[in-house]
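# Chains, contacts and geometry: an overview
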Amino acid sequence: MMKNVPESSLSAALNPIQAILFDLDGTLADTAPDLAAVTNKMLSVRNLPSLPLATLRPLASAGVAGLMGEAFGINAQHQDFAALREEFLACYATDLCIHTKLFPGIEVMLTDISVNRIRWGIVTNKIAKFAEPLTAQLGLQQHALCLVSGDTTPHAKPHPAPLLHAAAQLKVAPAQVIYVGDDQRDVQAGQAAGMLTIAAAYGYCGKDQPPEAWNADYIVYSTAQLHALLRNLMGTEPQG
């Protein structure tokens, strides 16, 4: 779905797309089940009731802060947050990829992109300690041409630094890059980097503003729509 034709879209039309960058959680991979399981484990050891996956799922892209906020009603400035964050990360390290899977159609889409000689990579706010083994277990790391984690640069999204770093690694001008993500900060980062942005509304999307309010260049509501849109923007034919 195309909402409008902003300046970034016109720039992309003049500068053909050469690379596509993807967020990880909620865009390429459904990581919510494992993130929710860790959250509920922490609630259980405190004799607190578990939360449904449906409640925690929209917060998966918000990371530890979002999940701990929902579970314990605190924010990152709370005096207990740092300890809860460390506990969460320690638990998550042992249960990183139990139920996590690529969304349906993602593997085929990434193969299509590669076959058409379009460079692609991953830019996530997940720190490298988790992003690297998770992408390896999902079979992504050996095919992605770059993996920029939340601690690769001094700033995480919505700052544009991670996206600009990825574009430099791919040796592509930002105006020739598409960034796909399921969180408002993904769109904000992409816009700040001068990239074309796609909101993945099939992902987690948070509990604040809906994807339609993010001012992304495009919105897709399924991975099939994303694949079709990327084919159109790349000017390529389906493979396989």
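Structure's up top.
Report follows, based on the coordinates. Treat the numbers as computed from the prediction; the structure is a model and nothing was measured. (Residues numbered from 1 in each chain as written. Predicted model: local features only at pLDDT ≥ 70, side-chain atom pairs only at ≥ 80, totals over all residues. Heavy atoms only, no water.)

## Some thoughts on the overall build of the chain
Assigned secondary structure in the chain consists of ten helices and eight strands. The C-alpha radius of gyration computed for the chain amounts to 18 Å, which stays within 12% of the reference 18 Å derived for 240 residues, consistent with globular compactness. Principal-axis analysis of the C-alpha atoms gives the chain an extent of 55 × 35 × 30 Å. Counting all 240 residues of the chain, 50% fall into the buried class. If you take every contact in the chain between residues at least 6 apart in sequence, the share linking residues at least 24 apart comes to 68%. Carbon together with sulfur atoms contributes 53% to the accessible area of the chain, which is approximately 10,700 Å² in total. (Helix = DSSP H or I, 4+ residues; strand = E, 2+ residues; numbered from the N terminus. Rg over C-alpha atoms; globule rule 2.2 N^0.38 Å. Buried < 20%, exposed > 50% of the residue type's maximum accessible area, 1.4 Å probe, protein only. Contact = heavy atoms within 4.5 Å. Areas by Shrake-Rupley, 256 points an atom, 1.4 Å probe, with all protein chains shown as cover.)

## Considerations on the nonpolar core
Side chains of nonpolar character tend, in soluble globular proteins, to be buried together. With 53 residues, the main nonpolar core has I20, F22, F88, I113, I198 and L230 as its most contacted residues. No other element matches the six residues that helix α5 (residues 81–94) contributes to this core. Among the nonpolar cores identified, the runner-up in size contains 15 residues, and A19, C146, V148 and Y179 belong to it. (Core = buried A, V, L, I, M, F, W, Y, C linked by side-chain atoms within 4.5 Å.)

## Observations concerning the packing of helix α6 (residues 106–115) against helix α10 (residues 223–234)
For the pair α6 and α10, the least separation of the axes is 10 Å and the interaxial angle reads 10°. In this view, α6 runs roughly parallel relative to α10, as classed from their interaxial angle. Contact residues: α6 offers I106, V108, M109, D112 and I113, while α10 offers T223, L226, H227, L230, R231 and M234. Its residues assigned to classes, the contact of α6 with α10 shows seven nonpolar, two polar and two charged. (Axes fitted to C-alpha atoms, helices over the stretch in contact; angles between N-to-C directions. Parallel < 35°, antiparallel > 145°, perpendicular 65-115°, else oblique. Nonpolar A, V, L, I, M, F, W, Y, C, P; charged D, E, K, R; others polar.)

## A word on the pairing of strand β4 (residues 119–123)
When you tally the buried positions in β4, you get four out of five residues, the bulk of the element. When strand β1 (residues 19–22) meets β4, the two strands line up parallel, connected through four bridges. Note on β4: the bridge partner recorded for L21 is G121. Strand direction decides the pairing type here: β4 and strand β5 (residues 147–148), joined by two bridges, are parallel. Directly across from I122, in β5, lies its bridge partner L147. In this fold, β4 hands off to helix α7 (residues 128–137), which returns the chain to β5; that crossover is right-handed. (Pairing = 2+ DSSP bridges. Right-handed = clockwise from strand over helix to strand, strands pointing away.)

## Focus: the packing of helix α2 (residues 32–44) against α5
Running from N to C, α2 and α5 cross one another at 125°; their axes reach a closest spacing of 10 Å. Considered as vectors, α2 and α5 are oriented oblique to each other. The chirality of how α2 crosses α5 is right-handed. The segment α2 lies against α5, with D34, L35, V38, T39, K41 and M42 engaging L84, E87, F88, C91 and Y92. Looking at side-chain class alone, the contact of α2 with α5 contains seven nonpolar, one polar and three charged residues. (Left-handed = near helix turned anticlockwise from the far one by under 90°.)

## Concerning the sheet that holds β1
Taken in spatial order, the six strands make up an open sheet running β5-β4-β1-β6-β7-β8, and their pairing is parallel. Edge positions in the open sheet fall to β5 and β8 (218–220), since each of these has one partner strand only.

## A few points about the pattern of salt bridges
Summed over all chains, the structure comprises nine salt bridges. Measuring nitrogen to oxygen at the nearest pair gives 2.7 Å for the salt bridge that ties K126 to D25. Of this pair, K126 sits in the loop between β4 and α7 while D25 sits in the loop between β1 and β2 (29–30), placing them 101 residues apart in sequence. The pair K126 / D25 is uniform in exposure class, with both members buried. Ionic pairing is found between D183 and R185, a salt bridge with its closest N-O pair at 3.7 Å. Among the ionic contacts, a cluster of salt bridges with common partners joins D23, K157 and D186. (Salt bridge = Lys/Arg side-chain N within 4 Å of Asp/Glu carboxyl O.)

Without other data, these values stay purely geometric and don't point to any function.
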